[in-house]
Amino acid sequence: MLRVNNVNKFYSNGEEKNHVLKDVSLNIGRGEFISICGKSGSGKSTLLNVLSTLMKPDGGELYYNDTGYHHMKERDLNRLRNNCYSMIFQFHYLIPYLNALENVLLPFTNRLFPVHKKNVEYAKECLDKVDLQGKYERLPGQLSGGEQQRVAVARALVKKPEILFADEPTGSLDDENSREIARIFTDLHAEGYTIVMVTHDITMAGYAEKILNMKDGKIVS
Ligand code: ADP
Ligand code: MG
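Predicted, not measured: the structure shown is a model, and the values here were computed from it.

Asker: Which residues make up the sheet that holds strand β7 (residues 163-167), and what are the values?
Answerer: On the basis of which strands lie adjacent, the open sheet formed by 6 strands has the order β6-β7-β8-β3-β9-β10 and mixed pairing. Looking at strand neighbours, the two that pair on one side only are β6 (85-88) and β10 (218-219), the edges of this open sheet. Two elements, strand β3 (residues 33-38) and strand β8 (residues 194-199), share 5 bridges in a ladder whose sense is parallel. Looking at β8, one finds that F33 is bridged to I195. Across the sheet, helix α5 (residues 145-157) touches β6 and β7, and the angle it forms with β6 is around 175°.

Right, here's the structure in full:
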């Protein structure tokens, strides 16, 4: 589903050039749950950002179902990102003055059209899936940290993404809430979702069916 050949990425700070991804190659099959594990600074977030189109690589090839997107124009990249990919980050980025349901509906919010009823129904299904039934109308400030992150998971699911990318999704959570996210990801995987999760937490990485270890910009095992 996702094919990555010899991707490279540099950051330059003035004269210095920092080589952060060094000929990274990997394949992700439909329905796989993969974790990318490694120490802080090893290049995990950069790799995830490149895979999920948020950053352009400085070399190498990226294919989604045989369509190359390493050279894609911004408009086509936006289409790929909007139709096929969803992202979850360490911080939930919920809008504080919108309730849980409205936050989940954000991908469908358009100033010109009201949100379609079937999208509202599906958004509620997504919130139910992350155990937030009965809390649709809570504002983020009226939810616990774990619940807020679960709203972010529901918001990522509402577009029915082909691939779910998560960067340290439990990085701000305690053990109990992290296990809850792990359980949700395991259920989503069982349902057929393709998940790519970055984490420095070995326990969390262990929930995936395959672990890629990153060190100094390379996948080492
Ligand atoms: P990880 O997610 O594994 O902690 P990152 O991909 O965030 O690693 O970072 C890899 C390396 O790239 C680190 O040395 C980091 O300091 C550097 N880096 C990350 N983002 C930037 C940036 N926007 N500009 C310059 N250097 C960066
Ligand atoms: Mg990171």
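Asker: Give me the lowdown on the nonpolar core, citing residues and values where you can.
Answerer: Nonpolar side chains in soluble globular proteins tend to end up buried together. L127, V151, V153, F185 and L188 are the most contacted members of the largest nonpolar core, which totals 36 residues. Every element with two or more residues in this core is listed here: α3 (100-104), α4 (117-129), α5, β7, α6 (175-191) and β8. Sort the elements by how many residues they give to this core and α5 lands first, with 6 residues. Once residues lying within four places of it in the same chain are set aside, the contact partners of L188 are K129, L157, L164, Y193 and I195.

Asker: Let's hear about the pattern of salt bridges: which residues, and what values?
Answerer: Applying the stated criterion across every chain, the model contains 11 salt bridges. Between E74 and R81 there is a salt bridge; the shortest N-O distance is 3.7 Å. Looking at E74, the relative accessible area reads 45%, which means it is partly exposed. With a closest N to O distance of 2.8 Å, D131 and R183 form a salt bridge. On the criterion of sequence distance, the pair formed by D131 in the loop between α4 and α5 and R183 in helix α6 is long-range, its members being 52 residues apart. What emerges from the salt-bridge pattern is a single network uniting D131, E180, R183 and D187.

Asker: Provide a residue-level description of the sheet that holds strand β4 (residues 59-64), including the pertinent values.
Answerer: An order of β2-β1-β4-β5 is seen for the 4 strands of this open sheet, with the pairing classed as antiparallel. A single partner strand is all that each edge strand has here, and the edge strands are β2 (16-28) and β5 (67-68). For strand β1 (residues 2-13) and β4, the ladder comprises 5 bridges, and the chain directions are antiparallel. Each residue of the ladder has a partner; that of N5, found in β4, is E61.

Asker: Could you give an account of the site of ligand 1, with specific residues and numbers?
Answerer: The local shell around ligand 1 consists of Y11, N13, N18, V20, K39, S40, G41, S42, G43, K44, S45 and T46. At a separation of 2.7 Å, an oxygen atom of ligand 1 approaches a polar backbone atom of G41. Here ligand 1 has 560 Å² of accessible area as a free molecule, and 60% of this is covered by the chains. Counting residues per element, the ones that place at least two in the shell around ligand 1 are β1, β2 and α1 (44-51). It is α1 that provides the largest number of residues to the shell around ligand 1, a total of 3 residues. Residues that form the shell around ligand 1 fall into these classes: 2 nonpolar, 8 polar and 2 charged.

Analysis parameters
- Residues numbered from 1 in each chain as written.
- Chains lettered and ligands numbered in written order.
- Predicted model: local features only at pLDDT ≥ 70, side-chain atom pairs only at ≥ 80, totals over all residues.
- Heavy atoms only, no water.
- Pairing = 2+ DSSP bridges.
- Helix = DSSP H or I, 4+ residues; strand = E, 2+ residues; numbered from the N terminus.
- Contact = heavy atoms within 4.5 Å.
- Axes fitted to C-alpha atoms, helices over the stretch in contact; angles between N-to-C directions.
- Core = buried A, V, L, I, M, F, W, Y, C linked by side-chain atoms within 4.5 Å.
- Buried < 20%, exposed > 50% of the residue type's maximum accessible area, 1.4 Å probe, protein only.
- Salt bridge = Lys/Arg side-chain N within 4 Å of Asp/Glu carboxyl O.
- Near = heavy atom within 4 Å.
- Polar contact = N/O pair within 3.5 Å; in protein donor to acceptor, adjacent residues only side chain to side chain.
- Areas by Shrake-Rupley, 256 points an atom, 1.4 Å probe, with all protein chains shown as cover.
- Nonpolar A, V, L, I, M, F, W, Y, C, P; charged D, E, K, R; others polar.

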